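Coordinates in review
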Amino acid sequence: MSSALVVGYDPRAIPGVDGEALGAALDAELARFGEHGIDAAMTLIVFDESAEPTLVASLTERPWDVVVVGGGIRKTEQLFPLFEQIVNLIRRHAPQAAIAFNTSGGDSVEAAQRWL
């Protein structure tokens, strides 16, 4: 079975956003991976000193086939340094994994499937 790690920004850390509703949507997307025969996990991070150790722990948990980086991280100009950090951590700690990018929390499965 193929495996995918989805890396996203923790919606509870975004001011003015209904973090619980967005979290539920992300959980639903994670469940969709199983419907497509993909073993998946999700790591939600924030832009602080916890980002790197949290992501490294997830990346080294197992040999992932693909790592999907969420659009919320890539599309937010203030988070661009975090995006760069994530890409470099993937290269360093999961070099066997393809890197995919979704456009929203609702198309992570399709992003992963492009590389599986």
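Because the structure is a prediction, the values reported are computed rather than measured.

Overview of the overall build of the protein
Secondary structure summary: the protein contains 5 helices and 4 strands in total. Going from the N terminus to the C terminus, the protein shows its helices and strands as β-α-β-α-β-α-α-β-α. Taken against the 2.2 N^0.38 rule, which gives 13 Å for 116 residues, the C-alpha radius of gyration of the protein at 13 Å falls within 12% of a compact globule. In the protein, which comprises 116 residues, the share counted as buried stands at 41%. A gap of 7 Å separates the mean positions of the 8 positive and 16 negative side-chain charges of the protein.

Some remarks on the nonpolar core
In summary, soluble globular proteins display a tendency toward joint burial of nonpolar side chains. Counting 22 residues, the largest nonpolar core has Val7, Ile45, Leu59, Val67, Ile73, Leu82 and Ile86 as the members making the most contacts within it. The set of elements that each furnish at least two residues to this core consists of strand S1 (2-9), helix H2 (51-59), strand S3 (66-69) and helix H4 (80-93). For Val67, the contacting residues outside a window of four places in its chain are Leu5, Val7, Leu59, Ile90, Ala97, Ala98, Ile99 and Ala100. Among the nonpolar cores identified, the runner-up in size contains 11 residues, and Phe33, Ala98, Ala100 and Val109 belong to it.

Focus: the pairing of strand S4 (residues 98-101)
Only one face of S4 is covered, namely the one carrying Ala98 and Ala100; the face carrying Ile99 and Phe101 has none of its residues buried. Relative to S4, S3 runs parallel, the two being bridged by 4 bridges. Directly across from Val66, in S4, lies its bridge partner Ala98.

Comments concerning the pattern of salt bridges
Per the stated rule, a full pass over the model turns up 4 salt bridges. Glu29 is the partner of Arg32 in a salt bridge, and the nearest nitrogen-oxygen pair spans 2.8 Å. Taken together, the positions of Arg32 and Glu29, both in helix H1 (residues 19-35) and 3 residues apart, correspond to about one turn of that helix. Looking at Glu29, the relative accessible area reads 5%, which means it is buried. Each of Glu29, Arg32 and Glu110 takes part in a single network of salt bridges with overlapping partners.

Some thoughts on the packing of H2 against H4
Between H2 and H4, whose axes approach to 10 Å, the crossing angle comes to 35°. Handedness of the crossing formed by H2 with H4: right-handed. Touching Ala51, Glu52, Leu55, Val56 and Leu59 of H2 are Leu82, Gln85, Ile86, Leu89, Ile90 and His93, all from H4. Residue classes in the contact of H2 with H4 are distributed as 8 nonpolar, 2 polar and 1 charged.

What counts, and where the lines are drawn
Residues numbered from 1 in each chain as written. Predicted model: local features only at pLDDT ≥ 70, side-chain atom pairs only at ≥ 80, totals over all residues. Heavy atoms only, no water. Helix = DSSP H or I, 4+ residues; strand = E, 2+ residues; numbered from the N terminus. Rg over C-alpha atoms; globule rule 2.2 N^0.38 Å. Buried < 20%, exposed > 50% of the residue type's maximum accessible area, 1.4 Å probe, protein only. Lys, Arg positive; Asp, Glu negative; His and termini not counted. Charge placed at Lys NZ, Arg CZ, Asp CG, Glu CD. Core = buried A, V, L, I, M, F, W, Y, C linked by side-chain atoms within 4.5 Å. Contact = heavy atoms within 4.5 Å. Pairing = 2+ DSSP bridges. Salt bridge = Lys/Arg side-chain N within 4 Å of Asp/Glu carboxyl O. Axes fitted to C-alpha atoms, helices over the stretch in contact; angles between N-to-C directions. Left-handed = near helix turned anticlockwise from the far one by under 90°. Nonpolar A, V, L, I, M, F, W, Y, C, P; charged D, E, K, R; others polar.

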